[in-house]
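Take a look at the letters that make up each chain.
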Amino acid sequence: MSNEPKTPTRIRIGDRVTIHRRGKRGIWHADYHFAGAHCRKSLRTANRKIAEPRARALDVQLAGGEYAPQPKSMPIDKAKQAYIDELKRKGRAPKTIAKYANELKRFTAFAQDHGVRTVQRITVALFDEYQTHRETRRALHAYTAYSLNIIIKTFLNWCVRHDHLASNPLAKVALEEPRRRQHPAPTIAQVNEILSASRGTLFAVIATAAFTGLRIGEITALTPADVDLQAGVIHVTGGKTQAAVRTVPIHPRLAHILGALGKRDGRYFFNAPPSTRFPAGDHHISPRDVNDQFKDIAGGLGMSVGRAKVGLTFHALRRLFKTACIDAGVPKPLVDLWLGHAGKDDMDHHYYRPQKASQWIARVPFGTADDRDLDNLTQGDDDDEKRS
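Residues numbered from 1 in each chain as written. Predicted model: local features only at pLDDT ≥ 70, side-chain atom pairs only at ≥ 80, totals over all residues. Heavy atoms only, no water.

## Focus: unusual backbone geometry
Line of reasoning, step 1. In this structure, Ala 35 is a non-glycine residue whose phi angle is positive, near 55°.
Line of reasoning, step 2. Tracing the chain through its elements places Ala 35 in the loop between β3 (27-34) and β4 (37-42).
Line of reasoning, step 3. The exposure class assigned to Ala 35 is exposed, which follows from its relative accessible area of 75%.
Line of reasoning, step 4. Not every positive phi belongs to a glycine, and Arg 44 is a case in point at roughly 60°.
Line of reasoning, step 5. Residue placement: Arg 44 occurs in the loop between β4 and α1 (48-64). (Helix = DSSP H or I, 4+ residues; strand = E, 2+ residues; numbered from the N terminus. Buried < 20%, exposed > 50% of the residue type's maximum accessible area, 1.4 Å probe, protein only.)

What follows is the structure, given as structure tokens:
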């Protein structure tokens with residue numbers, strides 16, 4: 001019978017950890033208590049000489065209060081859906097949610113194709129490979145690629161906050177914000193040319209965008225109750241951000257145009273003409289159609305149009321509004337408030353009385369409504385009926 005001492009079943013390492021073998025392969029595991037609960041952690045080795053230093057490091061972390069337990073495995077797809085659901089609960093704009101969801105869907109699919117199914121296995125190398133893959137699939141402007149990378153990094157930060165990750169694997173990845181392209185703003189003279197060539201509802205929509213700075217999505221979502229001609233304001237009840245919810249004064253020229261439309265009985269203030277799918281004509285107008293029609297008219301007048309040519313788009317009307325207001329002396333905090341750019345911590349606009357908003361907007365030289373405006377407004381109604 002051998003007199004050699006037997007290896008004890010459990011070996012104490014420091015004051016807080018014991019180690020022992022488990023399983024057929026004899027993998028060493030550490031036992032310890034954390035936050036009042038018993039914990040067990042694999043040391044990922046069958047070699048005692050390797051296991052003991054790992055257990056000793058664990059004991060030091062526990063003693064120093066530096067220990068953080070590893071989160072449970074979380075599938076990327078499940079975490080992605082939980083993140084999108086939270087964005088919806090927080091009231092983020094549908095367009096923003098769609099952008100986040102589509103990019104994370106593409107990233108998740110790429111990760112799964114490369115055998116990565118949990119957020120714990122996402123690495124910088126995988127992220128770099130994904131960027132290369134994305135660039136080969138479609139040409140993206142530098143700022144667009146930057147914004148998509150921010151979405152992925154923000155998602156992983158969310159995973160850390162919700163204890164799905166101990167740390168963000170992309171935390172040390174520096175994303176440099178590229179310089180944004182300079183987009184042109186039309187002049188008031190150019191807008192008047194475009195309005196002269198527009199008819200009906202399109203005329204009123206372009207005038208609304210130019211003289212209020214509203215986004216196309218905000219205009220298409222307006223209801224009759226949102227447009228208060230008697231008070232001289234438009235209430236934007238939803239949009240891209242929380243700051244998008246605001247009240248915008250109506251310029252006298254626009255008030256004349258919108259007043260000439262008469263009582264609005266449909267669901268939306270601007271309704272698309274009757275169609276096969278919506279025979280009652282109570283559906284909102286299409287933002288894409290409006291932008292295309294705007295570019296067709298501006299292009300037909302010899303103006304450069306489209307993002308590819310760094311030309312005019314419908315969104316450029318917001319830049320006209322801001323430029324015209326500031327040039328007319330309207331305080332910038334008020335202009336930012338009207339555009340939906342005032343942040344929740346920006347208090348400057350509170351120093352200006354809301355009652356004076358109509359006086360400030362009246363200073364902006366958008367012109368006055370005349371018979372030509374009303375002619376263009378009414379001519380299009382017949383054209384829409386003929387097309388339908």
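There's plenty left to go through after this.
## What about the confidence of the model for the protein?
Detailed reading of the predicted coordinates is not advisable wherever pLDDT falls low.
Line of reasoning, step 1. The predicted model of the protein averages 87 in pLDDT, with 91% of residues at 70 or higher.
Line of reasoning, step 2. Within the model, pLDDT remains below 50 along residues 382-388, and this stretch shows four contacts once partners closer than five positions in the same chain are excluded. (pLDDT = per-residue confidence, 0-100. Contact = heavy atoms within 4.5 Å.)

## Remarks on the packing of helix α11 (residues 316-327) against helix α12 (residues 332-339)
Line of reasoning, step 1. Put simply, α11 and α12 touch, their axes get as near as 10 Å, and they point 160° apart. The angle between α11 and α12 places the two elements in the roughly antiparallel class. As for the relative orientation of α11 and α12, their crossing is right-handed in sense. Packed against α11, whose contacting residues are Arg 318, Phe 321, Lys 322, Cys 325 and Ile 326, the element α12 presents Lys 332, Val 335, Asp 336, Trp 338 and Leu 339 at the interface. (Axes fitted to C-alpha atoms, helices over the stretch in contact; angles between N-to-C directions. Parallel < 35°, antiparallel > 145°, perpendicular 65-115°, else oblique. Left-handed = near helix turned anticlockwise from the far one by under 90°.)

## Some words on the packing of aromatic side chains
Each aromatic ring pair is characterised by the separation of its centres together with the angle its planes make.
Line of reasoning, step 1. According to the stated counting rule, one finds 14 aromatic pairs in the structure shown.
Line of reasoning, step 2. When the ring of Phe 34 is compared with that of Tyr 67, the centres are 5.0 Å apart and the planes differ by 80°; the resulting orientation is edge-to-face. Taken together, the residues span a long stretch of sequence, with Phe 34 in strand β3 and Tyr 67 in the loop between α1 and α2 (76-89) at a distance of 33 residues.
Line of reasoning, step 3. Assessed through its relative accessible area of 28%, Phe 34 is described here as partly exposed.
Line of reasoning, step 4. A ring pair is formed by Tyr 83 and Trp 158, whose centres lie 5.5 Å apart and whose planes are at 50°; its orientation type is tilted. Separated by 75 residues along the polypeptide, Tyr 83 in helix α2 and Trp 158 in helix α5 (residues 142-161) bring together distant segments of the chain.
Line of reasoning, step 5. Put simply, the rings of Tyr 83, Tyr 100, Phe 155 and Trp 158 pair up and form one aromatic cluster.
Line of reasoning, step 6. One Lys or Arg, Arg 92, reaches over the ring of Tyr 100 and ends 5.9 Å from the middle of that ring.
Line of reasoning, step 7. Here Arg 264 stacks its cationic end above the ring of Phe 269, 5.4 Å away from the centre of that ring. (Phe/Tyr/Trp six-rings, centres within 6.5 Å; stacked < 30°, edge-to-face > 60°. Lys NZ or Arg CZ within 6 Å of the ring centre and 35° of its normal.)

## Structural notes on the pairing of β3
Line of reasoning, step 1. Counting buried residues along β3, six of its eight residues qualify, which places the element largely inside the surrounding structure.
Line of reasoning, step 2. Pairing geometry for strand β2 (residues 17-22) and β3, over five bridges, is antiparallel. Counted as the bridge partner of Ile 19 is Ala 30 from β3.
Line of reasoning, step 3. In textbook terms, the turn of a hairpin is the stretch between consecutive antiparallel strands, and for β2 and β3 this stretch comprises four residues, one of which, Gly 23, has a positive phi near 80°.
Line of reasoning, step 4. Looking at chain direction, β3 and β4 are connected through six bridges and run antiparallel. (Pairing = 2+ DSSP bridges.)

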